[in-house]
Amino acid sequence: MDLTYTPEEEDFRARLRQWLGEVLPLLPAKPAATDWPGRRAYDAAWQRMLYDAGYAGLHWPRDAGGQGVTPAQHLIFLEETELAGAPYVGANFVGLLHAGPTIVAEGTPEQRARWLPPILRGDEIWCQGFSEPDAGSDLAALRTRAVRDGDTYVISGSKIWTSHAEIADWCELLVRTDPEAPKHRGISWLAMPMDAPGVTVRPLRTLAGSAEFAEVFLDEVRVPAADRVGAENDGWRVTNVTLAFERGTAFVGEVVACRRVLGALARTARDNGRWDDAVLRRRLGRLSAEFTALWRLTQWNVSASRSAGGAPGAGGSVFKLRYSHARQELYDAAAEVLGAGALDADHTWVADRLSALSYTIAAGTSQIQRNIVAERILGLPKGR
Ligand SMILES: Cc1cc2nc3c(=O)[nH]c(=O)nc-3n(C[C@H](O)[C@H](O)[C@H](O)COP(=O)(O)OP(=O)(O)OC[C@H]3O[C@@H](n4cnc5c(N)ncnc54)[C@H](O)[C@@H]3O)c2cc1C
């Protein structure tokens, strides 16, 4: 494992920093958090700027339209864009961080050519249709049924908690293609157009007041069999590729953001007198150590994934587990620093505190991450 950057990587950092300094002032004003069409347009425009400048799909292989840079350069990109206050992946999250990498790893040449370029350009938005009302942690219990009719699947069922479903063009959809097989062996991974007849999206509002996810109802939706990624009934293996990317790399840029928030918290505490509280100071110090350790863990995971051929391993679960709790502790500390100001729902730290609550649930709950760490890293016996 090598945690230092080479002169070439530092050169990459310097060029990126210069580019960010030039383009960020040109960005339009950020749309309101609840303006989803506006957010889609804003995130797509940023993705297009990255694409035109050669920064889209940095760590994707060149034959998939990416730039094929080293994992360390990718980390530098995440670090520098966050430090510069550049937009986050936003609405492009699923396309760039889950579905795209899965299609890179598992798609046919035709599928890569069809779906990857629009993802990289920010032209098409994806959502993730995995969870169902009775299949969350136990995802393999999913019941949405796809029945083969010649070259087409006819799909009926429902999905829930589908982030960005309202503005998405495509859905990475898990369906049951063999109800007789053991539950992990009868699943397939499909790409479903969100405007297909029979798709109904009903938005759900979060605690923070944002309709960022939805229920998706599927009533005899027809999807060509050619839009299945991986073999029929092999979707569970394909899904685990998606989930490894989701847990392994999707939250990396946010660690940098949290370190920045921590610095701002300490400054605010000094200004408003809360810094005199030794317990609070110790708490902020411990959080600082935690986020430094998480950044080192990220570098370690990236280094390990390089040796493993690119796919993040179960180390991503260790990261996801620790990160989601550290993020909640960070915003609890922010509420203490703010004092009565923590009741101001418009304060960005207060909104972030509400959304941090979802981090120990989304992308697999903490209990599930602990099970993965116990079974796949520590080699403990399965509890079921
Ligand atoms: C903000 C947010 C965005 C999301 N976006 C998406 C999305 O875009 N697409 C999508 O498909 N899903 C999405 N989800 C859904 C998410 O993946 C599920 O909520 C999550 O996997 C938990 O499933 P569940 O809600 O059904 O809870 P359940 O699985 O019902 O779990 C309930 C409780 O039981 C515990 N539990 C369950 N099984 C075990 C076990 N074996 N051992 C120990 N404890 C256990 C859980 O940890 C949890 O505390 C999102 C969720 C959130 C919060």
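Residue positions are given per chain, counting from 1 as you read along its sequence in written order. The model is predicted, so local features are restricted to residues of pLDDT at least 70 and side-chain atom pairs to those at 80 or more, both for listing and for counting; the totals for chains, interfaces and linings are taken over all residues. To get the side-chain values, all heavy atoms of the structure are used, and hydrogens and water are removed first.

Defined as follows: UniProt positions are given in the numbering used here, feature names are shortened, and annotations may be inferred rather than shown by experiment.
The name an unreviewed UniProt entry gives the protein is Acyl-CoA dehydrogenase family protein, with Streptomyces halobius as the organism. One UniProt comment on the protein, placed under Sequence similarities (unreviewed entry), says "Belongs to the acyl-CoA dehydrogenase family."

1. Topic: helix 9 (residues 315–338)
Put simply, the rule is: Under the scheme used here, helices are H or I runs from DSSP no shorter than 4 residues and strands are E runs no shorter than 2 residues, and both carry numbers assigned from the N terminus. Expected helix span is taken as 1.5 Å per residue step, with the number of steps being one fewer than the number of residues. Buried residues are those whose accessible area, probed at 1.4 Å on protein chains only, stays under 20% of the maximum for their type, while exposed residues exceed 50% and partly exposed ones sit between those limits.
Over its 24 residues, helix 9 extends 35 Å from the first C-alpha to the last, a length consistent with the 34 Å expected when each residue adds 1.5 Å. When you tally the buried positions in helix 9, you get 18 out of 24 residues, the bulk of the element. Immediately downstream of helix 9, the backbone of G339 shows phi near 60°, a positive value.

2. Structural notes on the pairing of strand 5 (residues 187–193)
Along any regular strand, the residues point their side chains to alternate faces of the sheet. Heads up, the condition is: In short, DSSP must find at least two bridges between two strands for them to pair.
In terms of residue burial, strand 5 counts as a mostly covered element, since six of its seven residues are buried. As defined by bridge partners, strand 4 (residues 170–176) adjoins strand 5 across seven bridges and the pair is classed as antiparallel. Looking at strand 5, one finds that E172 is bridged to A191. With two bridges connecting them, strand 5 and strand 8 (residues 228–229) associate as antiparallel partners. By the bridge assignment for strand 8, W189 is matched with V229.

3. Topic: the nonpolar core
The following threshold applies: In this description, a nonpolar core means a group of buried Ala, Val, Leu, Ile, Met, Phe, Trp, Tyr and Cys residues linked to one another through side-chain atoms lying within 4.5 Å. Two residues qualify as a contact provided that any one of their heavy atoms is within 4.5 Å of a heavy atom in the partner residue.
If you look at the biggest cluster of nonpolar residues, it comprises 50 residues, and the most contacted ones within it are W46, L265, F291, Y323 and L330. Of all elements in the fold, only helix 1 (7–23), helix 2 (36–52), helix 3 (71–83), helix 7 (252–272), helix 8 (278–307), helix 9 and helix 10 (348–356) reach the threshold of two or more residues within this core. Looking at which element gives the most residues to this core, the answer is helix 9, with ten residues. Sequence-distant contacts of F291, defined by excluding residues within four places in its chain, comprise V255, C258, R259, L262, Y323, A326, R327 and L330. One finds I119, L120, F130 and W189 within the second-largest nonpolar core, a separate group that totals 30 residues.

4. Some thoughts on the UniProt feature "domain: Acyl-CoA oxidase/dehydrogenase middle" (unreviewed entry) in the protein
When the UniProt feature table is mapped to this numbering, "domain: Acyl-CoA oxidase/dehydrogenase middle" (unreviewed entry) covers residues 127–220. Secondary structure content for residues 127–220 is 0% helix and 51% strand, while the C-alpha to C-alpha distance between its ends is 19 Å.

5. Focus on the site of the ligand
Quick reminder of the rule: For this description, a residue counts as near a given molecule or strand if any of its non-hydrogen atoms is within 4 Å of it. N or O atoms within 3.5 Å of each other form a polar contact, as long as, within protein, one can give a hydrogen and the other can take it, and as long as residues adjacent in sequence are counted only when both atoms are side-chain atoms. Note on areas: these come from Shrake-Rupley sampling with a 1.4 Å probe, and a residue is covered only by the protein chains present in the view. Classification used: nonpolar for Ala, Val, Leu, Ile, Met, Phe, Trp, Tyr, Cys and Pro, charged for Asp, Glu, Lys and Arg, polar for all others including Gly.
In the region of the ligand, 17 residues are neighbours, and S131, S137, W161, T365 and Q367 sit closest. One of the side-chain N or O atoms of S137 is found 2.6 Å from an oxygen atom in the ligand. Q367 places a polar side-chain atom, nitrogen or oxygen, 2.6 Å from an oxygen atom of the ligand. When the ligand is considered free in solution it has 990 Å² of accessible area, and contact with the protein chains removes 66% of it. Where the shell around the ligand is concerned, the elements lending two or more residues are strand 3 (152–163) and helix 11 (366–377). Grouping the amino acids of the shell around the ligand by side-chain chemistry returns seven nonpolar, ten polar and no charged.

6. Some thoughts on the pattern of salt bridges
For clarity, the cut-off: In the sections that follow, a salt bridge refers to a side-chain nitrogen of Lys or Arg positioned within 4 Å of a carboxyl oxygen of Asp or Glu.
Overall, the coordinates contain 27 salt bridges when judged by the stated rule. Residue E124 is joined to R114 by a salt bridge in which the shortest nitrogen-to-oxygen separation is 3.2 Å. Of this pair, E124 sits in the loop between helix 5 (109–121) and strand 1 (126–129) while R114 is found in helix 5, placing the two residues ten residues apart along the sequence. Look at E124 and you get buried, because its relative accessible area is 17%. Its relative accessible area of 38% is what places R114 among the partly exposed residues. Its salt-bridge partner being D123, residue R121 comes within 2.8 Å of it at the nearest N-O pair. Residues joined in a network through salt bridges with shared partners are E10, R13, R17, E79 and E80.

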